[in-house]
Amino acid sequence: MTTQDPRLEALDKSIEEHGRRPSALLEVLQRAQDLYGFLERDILIHISKALNLPPSRTYGAATFYNLFRFRKPGEHVVTPCLGTACYVKGVEEIVSAIEEEFCVERGQSTADGRLSLFVTRCIGACAMAPNVVLDGEVIGKATKEAVLERMRRSLGGGNGERV
Ligand code: FES
């Protein structure tokens, strides 16, 4: 079952929780990366506007720290949510199944660059837990079988080489 991508909503919620304070820039950037796996241009601009900062300041801060990524690391990105609700509903079993079938560890990409596996904290769709985001599409009430099947269709099979 899929739902609309709630990541932008979750990011905006985080921005509000920080009172839209420019001083919360790093926390907001971190939250965005947790949600999206990397910081794409549109998201940086969105954050700049929300925090009322010039884009140059946002880019400057983001590039200063090594912990931020700016490129989509793999052709496909799968991001299971490891927030509490999803964890309780068994997302860890799904993560392990992805790691095993596609020979990729969390936070890494396959050697052929076809798949990156990231994990995130709550994406704000706890009612649909466990959630897995595959290429921007949220798979709610995810099961190991459904996620692997969807991934096989997108990637054309597992068992890539581990990086
Ligand atoms: S904990 Fe996964 S969506 Fe909230």
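What you see is a predicted model, and the numbers here were worked out from it, not measured in a lab.

Visitor: Help me understand the pairing of strand β2 (residues 76–80) in this model?
Guide: Looking down a regular strand, the side chains alternate between one sheet face and the other. Pairing geometry for β2 and strand β4 (residues 115–117), over three bridges, is parallel. Each bridged residue has a counterpart across the sheet, and for His76 the counterpart in β4 is Leu115. Bridging between β2 and strand β5 (residues 132–134) involves three bridges; their strand directions are antiparallel. What sits directly across from Val78, in β5, is Leu134.

Visitor: In this structure, what is going on with helix α6 (residues 91–102)? I would like to understand it.
Guide: Residues separated by three or four positions in an α-helix point in the same direction, a consequence of the helix having 3.6 residues per turn. For α6, with twelve residues, the first-to-last C-alpha span of 16 Å sits near the 16 Å given by 1.5 Å per residue. Of all the positions in α6, only Val91, Ile94, Val95, Ile98 and Phe102 are classed as buried. Taken around the axis of α6, the buried residues stretch over an arc of 100°, which confines them to a single face. Within α6, the exposed residues directed more than 90 degrees away from the buried face are Glu93, Ser96 and Glu100. Check the buried side of α6 and you find it contacts β2, α5 (84–88), β4, β5 and α7 (144–155). Backbone geometry just after α6 places Cys103 at a positive phi near 50°.

Visitor: So what exactly am I meant to see when it comes to the domain arrangement of the chain here?
Guide: The parts lose accessible area when they come together, and the size of an interface is often stated as this lost area. Assigned domains of the chain: these are domain 1 (2–64) and domain 2 (76–155). Look at where the C-alpha atoms of domain 1 and domain 2 centre, and you get two points 22 Å apart. Contributing elements (two or more residues each) for the side of domain 1 that touches domain 2: β1 (2–3), α1 (7–17) and α2 (25–36). Among the elements that line the side of domain 1 that touches domain 2, the one with the most residues is α1, at four residues.

Visitor: I'm lost on the packing of α1 against α2 in this one. Help?
Guide: When two helices pack together, their arrangement is given by the angle between the helix axes and by the axis-to-axis distance. Where α1 contacts α2, the two axes come as close as 10 Å, and the packing angle between them is 165°. Classified by the interaxial angle, the pair formed by α1 and α2 is roughly antiparallel. Note on packing geometry: the crossing formed by α1 with α2 is right-handed. Two secondary-structure elements touch here, α1 through Arg7, Ala10, Leu11, Ser14 and Ile15 and α2 through Val28, Arg31, Ala32, Leu35 and Tyr36. Taken together, the residues that form the contact of α1 with α2 break down as seven nonpolar, one polar and two charged.

Visitor: Looking at this model, I keep getting lost on unusual backbone geometry. Mind explaining?
Guide: Glycine aside, residues mostly have negative phi, and peptide bonds are mostly found in the trans state. Cis geometry is adopted by the peptide bond preceding Pro130, which originates at Ala129 and carries an omega value of 0°. Its place among the elements puts Pro130 in the loop between β4 and β5. Even without being a glycine, Asn52 presents a positive backbone phi close to 55°. Inspection of the secondary structure puts Asn52 in the loop between α3 (41–50) and α4 (55–64). Overall, the presence of 9 C-beta atoms within 10 Å leaves Asn52 in the exposed class.

Basis of the calculations
- Residues numbered from 1 in each chain as written.
- Predicted model: local features only at pLDDT ≥ 70, side-chain atom pairs only at ≥ 80, totals over all residues.
- Pairing = 2+ DSSP bridges.
- Helix = DSSP H or I, 4+ residues; strand = E, 2+ residues; numbered from the N terminus.
- Expected span 1.5 Å × (residues − 1).
- Buried ≥ 20, exposed ≤ 12 C-beta atoms within 10 Å, placed from the backbone.
- Arc of directions from axis to C-beta.
- Contact = placed C-beta atoms within 7 Å.
- Domains from an automatic or database assignment.
- Axes fitted to C-alpha atoms, helices over the stretch in contact; angles between N-to-C directions.
- Parallel < 35°, antiparallel > 145°, perpendicular 65-115°, else oblique.
- Left-handed = near helix turned anticlockwise from the far one by under 90°.
- Nonpolar A, V, L, I, M, F, W, Y, C, P; charged D, E, K, R; others polar.

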